[in-house]
Amino acid sequence: MAIQLQKGQRISLSKEAPGLKKILCGLGWDVAKPSVGGLFGAFNNTQDYDLDASVICLNSHNKVSDISNVIYFSNLSHPSGAITHLGDNLTGAGDGDDEQIIVDLSLIPSPITKLVFTVNIYDCIARKQDFGSVENAFVRLVNIANNQELARYNLSGSEYKGMTGMIMAEIYQHNNEWKLAAIGNGVKVNGLGELVKTYS
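Positions within a chain are numbered from 1, following the residues in the order the chain's sequence is written. Whole-chain, interface and lining totals are the exception, using all residues; otherwise, since this is a predicted model, local features are given only for residues with pLDDT of at least 70 and side-chain atom pairs are given and counted only at 80 or more. Note that the side-chain values use all heavy atoms of the structure and ignore hydrogens as well as water.

> Just to check I follow, could you spell out the sheet that holds strand β5 (residues 70-71) for this structure?
For sheets, the rule is that strands pair by backbone hydrogen bonds, running either parallel or antiparallel. Taken in spatial order, the six strands line up as β2-β12-β11-β8-β4-β5 in an open sheet, and their pairing is antiparallel. Strands with a single pairing partner mark the edges of an open sheet, and in this sheet they are β2 (10-12) and β5. Two strands are counted as paired when DSSP detects at least two bridges linking them. Put simply, DSSP marks the helices as runs of H or I at least four residues long and the strands as runs of E at least two long, and each gets a number from the N terminus on. Note that β2 and strand β12 (residues 177-187) share three bridges and pair antiparallel. Along β12, the bridge assignment pairs arginine 10 with alanine 181.

> What's the story with the packing of aromatic side chains in this structure? I'm lost.
For any pair of aromatic rings, the description consists of the separation of the ring centres together with the inter-plane angle of the planes. Between 30 and 60 degrees the pair is tilted, below 30 it is stacked and above 60 it is edge-to-face, where a pair is any two Phe, Tyr or Trp rings, Trp via its six-membered ring, whose centres lie within 6.5 Å. By the definition in use, this model includes two aromatic pairs. With centroids separated by 5.4 Å and ring planes inclined at 75 degrees, the aromatic side chains of tyrosine 72 and phenylalanine 73 adopt a geometry described as edge-to-face. The buried label goes to any residue with under 20% of its type's maximum accessible area, the exposed label to any with over 50%, and the partly exposed label to all in between, with areas taken from a 1.4 Å probe on protein chains only. Residue classification places phenylalanine 73 among the partly exposed positions, given a relative accessible area of 34%. Where phenylalanine 73 meets tyrosine 122, the ring centres are 6.1 Å apart and the plane angle is 85 degrees; that geometry is what we call edge-to-face. With phenylalanine 73 in the loop between β5 and β6 (83-85) and tyrosine 122 in the loop between β8 (114-121) and α2 (124-127), the pair connects residues that are 49 residues apart, well separated along the chain. The ring of phenylalanine 138 carries arginine 152 above its face, with NZ or CZ at 4.6 Å from the centroid. The criterion is that NZ of a Lys, or CZ of an Arg, lies within 6 Å of the ring centre and within 35 degrees of the ring normal, and then a charge sits over that ring.

> Looking at this structure, how should I read the sheet that holds β6?
Strand order in the open sheet formed by six strands is β1-β10-β9-β3-β7-β6, with mixed pairing between adjacent strands. This sheet does not close on itself; its edge strands, each paired only once, are β1 (3-5) and β6. Across the sheet, the mean angle separating the axes of adjacent strands is 15 degrees when strand polarity is ignored. When β6 meets strand β7 (residues 99-104), the two strands line up antiparallel, connected through three bridges. Residue pairing in the sheet places isoleucine 83 in a bridge with valine 103 of β7. Interaxial angles span 0 to 180 degrees and are taken between N-to-C directions of axes, which are lines fitted to C-alpha atoms, for helices over the stretch in contact.

Here it is as structure tokens:
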């Protein structure tokens, strides 16, 4: 049974699944239905939210060395073959994972010691959208070898009003072990580029 993580909680993936190599990171979300009615109800923002999941690969100094270490909808795989993004979901419609990222821990190059999993709202400023309208956001990790869900972290939307990006979780190396941290920090950035700059 998957561990239900709380914000700030950390677990050892090496201990939870000895010999773990390949994991699937699934990220999902729903968007609240816009309110209608009243004189200006017809003018409420009903445009679809396009949320984008990404992975930022950091070195031991918590820095990203170059753009090849950012895996997102325009760069779907890491040069090492260790990380593969399975593609962009433009609406978040449907049940289950909205976007999925596969990580092969055995292939991660030694300079990389941390993977930061983020979600950003595409074109958030122009569309006047933020995470206050995003519900049921979650990140989960699955052991691909046996399809077992190892851990899941559910986020509530109310505390993220005004935020346009979210740092969902981190997978990092510590004492030769891979660990998972549930982060759940909202950030105010205009797209992934601004978020990446905070690690440069």
